[in-house]
Amino acid sequence: MPSFALRGEDGAVGARQLRAVRRVPFLATLQTLAALPPGEALPPWRRPGDAVLAWSLGTKVALSLVARGHLVPALTKGDRPEELLAGWRAVLAPEDVEVVEALSEQMPVTAWASWPNGVDRPDPQLAIRTMLDAVADACARQGHAVRDRHRRSSATPWAEQLPAALVGPDHRVAVRPRVRDRVQQVLGEWVEPVLRIGTERRRLQLVLEAPAEETGEWKLGFWMEDGDRRIEAREVWTGRHGQELEAVLARGLAEASMILPALERATNQARPTHVTLSASEVAELLDHRGRDLAEHGMALVGPAELQQLDAARIRLRVRVGARTEAAGRVRRPRLGLAALSGFRAEAAIGDEVLDDDELAAFAQARSPLVRWRGRWVRVDPEDVARATEAAGSSGSLALTEALAGALTGRVRLGDDLGEVDVVATGEVADLVGRLRATPRPEAAEIVGITGELRPYQRRGAAWLQGLASLGIGGILADDMGVGKSLQAIALLTSRLTARPHLIVCPTSVVGHWERELARFAPKLPVLRHHGPDRPTVPAEFPPATVVVTSYALLRRDAHLLSRVGWNVAVFDEAQQIKNAASKGARAARDIDAEVKVAMTGTPVENRLAELWAMLDLTNPGLMGSQRRFAEQFARPIERWQDRDAAERLRRLTAPFILRRTKADPEVTADLPPKQVVTVACSLTAEQAALYQDALDRAFEAGLGTNPFERRGRILALLTALKQICNHPVQYRGDDGPLRGRSGKLSRASEILAEVVDAGDHALVFTQFVAMGKLLRQHLEAQLGIPEVPFLHGAVPLAQRERMVTRFQEDDDAPPILLVSLRAGGTGLTLHRATHVMHYDQWWNPAVEDQATDRAHRIGQTRPVTVHRLVTGGTVEERIDALLEHKRALADAVLGTGEHWLSDLGDDELAALVRLSRDDVEDEEDER
C-alpha cells in the first residue's frame with residue numbers, strides 16, 4: 001500500500017526549516033483530504049497549512065477523475081528484467097489540465113517532502129500528476145477480491161496476467177526479458193490517444209441549432225477545436241487539415257456516441273457532419289448529457305436562450321399581500337398576533353404569469369420543449385401537474401410567515417406543495433419596502449432627550465422607531481461603546497403611552513441604566529425593580545414609567561412581570577438569554593410587550609441557534625420553529641458552508657438587525673485611538689516545574705474515554721495551566737508569598753506602577769475571583785495604594801455602583817479598578833480609564849473586546865492602551881496566536897471559554913499545551 005510523505009514547516013516564508021518526514025497511510029489520508037472543506041471555510045485555529053490544503057484540492061481532482069472513469073491501464077518496468085508492474089493512470093480532460101496548471105502555480109514548496117528516485121524538488125506538475133496516478137490506482141484496486149488463477153510466469157501470456165495485476169494486490173506481470181519493452185510499447189500505443197486528450201488542444205465541438213418553428217428539426221453539427229481554430233466537420237473530412245485531425249474527430253464521435261446514443265446514427269456514416277435530434281433527445285442533452293460530454297473533454301455549444309432553459313420552466317408560486325383577519329381579533333399592525341395575509345397561487349415562467357388556456361395547452365403538450373411567447377420552454381409533466389392542481393387556489397398565511405417568505409423569496413405550503421416561490425404585493429410588499437429602506441438620521445423623532453445624538457445614533461433611533469411603529473422588534477447589535485443605550489432611550493421617550501417600559505440587564509448594569517436615563521432623559525420617571533421593597537403586583541408599575549430590573553429577577557419574578565402590559569421591553573446584553581431553552585429565555589418570551597428590542601454586541605457568539613433565540617424573542621414566529629430553522633439555515637451553514645442558505649438567512653434577518661462596528665467611518669471619527677499591546681511574560685522556574693508536572697499527570701492519567709469525560713478533563717487541565725501561568729499561589733491555594741514567584745505578576749506590577757506614576761487610571765480584568773483577590777493584596781503592598789477596589793459577582797449591587805461612581809468621578813479614588821470578567825465585562829461605562837489590562841484571557845475574542853470597550857467607548861476623549869499579558873512558551877501564547885486571526889473574522893466567535901478546545905485530538909492538544917523552556921527564567925533572572 002503506498003503512503004504519503006508529509007513534512008511540517010517552521011519559520012517565516014522564504015526561510016523555512018523543514019522537520020522530519022512522517023509517512024501516513026495512503027487511503028486513510030485520501031479520505032481525510034477529500035473531506036476537508038476549503039481553507040476559507042475553516043476557522044483559523046482549525047485551518048491546516050497551505051501544503052495540506054493544496055493536496056486536498058489535488059485529491060478532489062483525482063477522485064473526480066476516477067468517478068468519471070478517466071483512468072487507463074499502464075505498464076512500467078520492474079526491478080527485474082523479466083518483470084513489468086501493472087497500474088492505472090489518470091486521464092485529464094482539457095478543463096482538468098487547467099485546474100492542475102493553476103494548482104501547480106500556487107502549490108507551496110512544502111507540499112512535497114521526499115520523492116522517488118532521489119528527486120528532492122520535482123516539477124510541481126510532476127508531483128500532482130504522480131499523485132493523480134496513485135489515487136487512480138488505489139481506487140481501482142479498492143474492494144476487489146481477486147483470485148489469480150494464473151501462475152505468474154513468463155510462460156503465461158502477459159494479456160492473461162494483466163487483469164489480476166490491475167485489480168489485485170500483486171502488481172507484477174512476468175514476461176521474457178527480450179520482449180519486455182515490446183509488451184510495454186503495445187499497451188502504451190493502445191492508451192496513448194486517450195492520454196493525449198488532456199495535452200493536445202484538439203477536441204470535438206457539438207453545435208446545437210434550434211428550429212425556427214416548433215415543428216422543425218433540431219440539428220447537432222460537428223466541429224473540431226484545433227487550438228484557436230474552429231473547423232467544421234465537412235472541412236476536416238476533406239483531408240486538407242491532416243489525417244491526424246480526422247482521427248481525432250472520429251475518435252471523439254465514437255466516445256460521444258457512448259454518452260449520447262443519438263450520435264450512433266452519425267457514426268454509421270462514412271463522413272458524418274451532423275445529426276438531427278428529437279425534442280426528447282434535445283431535452284436529455286441539455287439536462288444531463290451536456291455535462292457528461294464536458295467531463296469527457298468535449299464542448300457543447302447552443303443558442304443563448306437554451307442556456308437559460310432551466311429558468312424557463314413552469315413553476316408554482318404564490319402572490320401574498322391581501323390582509324385578512326382572524327375571527328375575534330382586533331386588527332393591529334404587529335407581528336406575532338393572529339393577523340393573517342392572504343395568498344393566491346399561480347403558475348408562472350420567469351416573471352410572466354400563465355393564464356388558464358396556456359396552462360391547459362402545456363398540460364396537453366407531447367413534447368418536452370415547447371415554443372411559448374417567442375422562446376423555448378422546458379415542459380416537465382410533474383411541474384405542469386403540480387401547477388395545474390394548485391393554480392388559482394387561495395388561502396392565508398400568518399403575517400410573520402408571509403413576511404419571511406417575501407424577504408427570502410420562498411415559503412413552505414405544507415408537505416403536498418413543499419416550498420414555492422413568493423411574490424409580495426399590497427400590504428406585504430409595502431411592509432417589506434419599509435423594512436428594507438435605509439433609515440435617515442433626520443427621520444428620528446428626538447423628544448425629551450438632553451444632549452445631542454451623533455448622526456449614526458440618530459439613524460439607529462430612527463430604525464428602532466420605524467420598527468416600533470409597525471409593531472416589530474429588532475436587534476440593535478452595534479459594537480460595545482457605540483451608544484446603544486442612548487438609541488434605546490430615544491425610542492422610549494418617543495413612545496409615552498399608558499403602558500410602562502421595561503429594561504432588563506445584568507445586575508452590574510442596573511445602576512448604569514439609571515444614570516444614563518437620568519442623564520439623557522431626566523423627565524422620564526424611573527423605577528428600580530430590585531431589592532426586598534420591589535413591586536409585587538402589576539398595579540404598582542405606574543404608566544409611562546421606565547422599570548429597570550435584572551435577568552436574575554426576570555427569572556425570579558417571571559409570573560409578576562409577565563402579567564404587566566409593557567409598551568417597550570429592552571433586553572440589554574441579550575446574549576444572556578441566547579439559550580432558548582433556559583429559564584431566562586422562557587421568561588423573556590413570556591413578557592407581554594408591544595415591542596421587544598434586544599441589545600447585544602455579539603449577536604452570534606457560537607451557534608446560529610443563538611441568533612434564532614434573539615429573533616424569536618423580538619419577533620415571534622418570524623424565523624419559524626427552532627427545528628425548522630436548524631434544517632433550513634443552521635445545519636447547512638454551520639456544517640456545509642452552504643452559501644445559498646447563508647444568503648437567504650441574510651435576506652431574512654437584515655431588516656431586523658442593525659450592526660455598526662467601530663471600524664465604520666462614522667463611528668471611527670468619534671473614537672480616540674486604541675493601541676493593543678501583547679505583553680510577553682516569562683515563567684519562573686517554580687511555575688515551569690508546576691506546568692510540566694500538570695501536563696505529565698494529565699496525559700499519564702488519560703483524557704477520558706467518552707466525550708463528556710474528555711471535555712471535563714481537558715477543561716480541568718486548561719484551567720490548571722492558566723492558574724499556574726497566573727501565580728503558583730492561585731494554583732496551589734497556599735498562603736505563601738506573592739512576590740518573585742510569577743513572571744506575569746511581576747510584569748503587571750511594572751506596567752501598573754508606570755500608569756500610577758503618570759497619573760492615569762487603569763482597569764485590570766481577570767476571569768478568576770481568587771486571582772483578583774491576590775492582585776488586590778499584591779498591588780496594595782507593591783504600589784502603596786491603601787485600597788484597590790475589586791468588582792466581582794459576590795459584591796452587592798449598591799456596593800458595585802459606589803465602586804463605579806467613585807472610580808469615574810472621585811479624584812481621590814484609587815487609580816486602579818480590578819474587575820471580574822464575568823461580573824463587569826459588559827454594560828459598564830468606565831471611560832476614565834486610559835489603560836486596560838487583561839491579566840488572563842477568556843480565550844474568546846468577543847468577551848475580551850467587550851471588556852476593553854468599558855473604557856474605549858463613546859465619551860472617551862483620550863487614547864486607550866490595552867495590555868494583554870501572555871505567558872511565552874505555554875498554551876497562552878499558542879492560543880493567542882490563533883485568536884489574533886479569529887479577530888479578523890466579522891461576527892465569528894470561538895465560543896464561550898475553552899469548550900472549543902475539547903474537540904482537539906490528543907496530538908493537537910499536546911502540541912498546544914506543551915511547555916517551551918525558552919521562556920523560563922533562569923536563577924539569575926529570578927534574583
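Parameters at a glance
- Residues numbered from 1 in each chain as written.
- Predicted model: local features only at pLDDT ≥ 70, side-chain atom pairs only at ≥ 80, totals over all residues.
- Heavy atoms only, no water.
- Helix = DSSP H or I, 4+ residues; strand = E, 2+ residues; numbered from the N terminus.
- Buried < 20%, exposed > 50% of the residue type's maximum accessible area, 1.4 Å probe, protein only.
- Contact = heavy atoms within 4.5 Å.
- Pairing = 2+ DSSP bridges.
- Core = buried A, V, L, I, M, F, W, Y, C linked by side-chain atoms within 4.5 Å.
- Polar contact = N/O pair within 3.5 Å; in protein donor to acceptor, adjacent residues only side chain to side chain.
- Phe/Tyr/Trp six-rings, centres within 6.5 Å; stacked < 30°, edge-to-face > 60°.
- Lys NZ or Arg CZ within 6 Å of the ring centre and 35° of its normal.
- Arc of directions from axis to C-beta.

Description of the environment of P439
Thought 1: Of note, P439 is situated in the loop between helix 16 (426-436) and helix 17 (455-469).
Thought 2: Relative accessible area serves as the criterion here: at 18%, P439 is assigned to the buried category.
Thought 3: In sequence terms P439 and Y456 are 17 residues apart; their C-alpha atoms lie 9.8 Å from each other.
Thought 4: The residues contacting P439, other than those within four sequence positions of it, are R459, A462 and W463.

Re the sheet that holds strand 19 (residues 474-476)
Thought 1: Across the sheet, which stays open at both edges, the seven strands sit in the order 21-22-20-23-24-19-25 with parallel pairing between neighbours. Two strands in the sheet have a free side with no partner beyond their single neighbour: strand 21 (526-528) and strand 25 (657-658).
Thought 2: Two strands pair when backbone bridges link them, and strand 23 (residues 565-571) and strand 24 (residues 592-599) are joined in this way by six bridges, in the parallel orientation. When the sheet's bridge partners are listed, G565 is paired in strand 24 with D592.

Some thoughts on the nonpolar core
Thought 1: Of all hydrophobic cores here, the largest spans 98 residues; its most connected members are V318, W513, L554, W566, F571 and I591.
Thought 2: Formed by 36 residues, the second largest nonpolar core is a distinct cluster that contains A86, V100, I128 and A136.

Regarding the side chain of T549
Thought 1: As for its placement among the helices and strands, T549 is situated in strand 22 (residues 546-550).
Thought 2: At 3.0 Å, the side chain of T549 and the backbone oxygen of H529 are in polar contact.
Thought 3: If we skip the residues at most four places from it in the chain, T549 touches L502, I503, V504, C505, V510, H529 and L561.

Let's talk about the packing of aromatic side chains
Thought 1: Inspection of every chain in the model, using the stated rule, returns four aromatic pairs.
Thought 2: Look at F629 and F633: their rings are 5.5 Å apart centre to centre, the planes differ by 50°, and that puts the pair in the tilted class. A residue pair is termed a helical-turn pair when its members lie 3 or 4 positions apart in one helix, as F629 and F633 do in helix 24 (residues 626-640) at four residues. Like F629, the residue F633 is buried in the burial classification.
Thought 3: Seen from the ring of W223, R230 lies directly overhead, with NZ or CZ sitting 4.3 Å from the centre.

Brief notes about the sheet that holds strand 28 (residues 790-791)
Within a sheet, adjacent strands bond to each other through the backbone by hydrogen bonds, running parallel or antiparallel.
Thought 1: In spatial order, the strands read 26-31-30-27-29-28; together these six strands make up an open sheet with parallel pairing. Each end of this open sheet is capped by a strand with a single partner; those strands are strand 26 (674-681) and strand 28.
Thought 2: Bridging between strand 30 (residues 835-838) and strand 31 (residues 864-871) involves four bridges; their strand directions are parallel. When the bridges of strand 31 are listed, V836 appears paired with V866.

Side note on helix 16
Thought 1: Taken together, the buried positions of helix 16 are V428, L431, V432 and L435. Burial along helix 16 is one-sided: seen end-on, the buried residues are contained in an arc of 100°.

Notes on the pairing of strand 7 (residues 218-226)
Thought 1: Counting buried positions over the nine residues of strand 7 gives seven, a clear majority of the element.
Thought 2: Inspection of the sheet shows strand 6 (residues 202-209) paired to strand 7 by eight bridges, in the antiparallel sense. Bridge assignment links Q205 to a residue of strand 7, and that residue is W223.
Thought 3: Two strands pair when backbone bridges link them, and strand 7 and strand 9 (residues 274-277) are joined in this way by four bridges, in the antiparallel orientation. Its bridge partner being in strand 9, L220 is matched across the sheet by V275.

Structural measurements only, silent on function.
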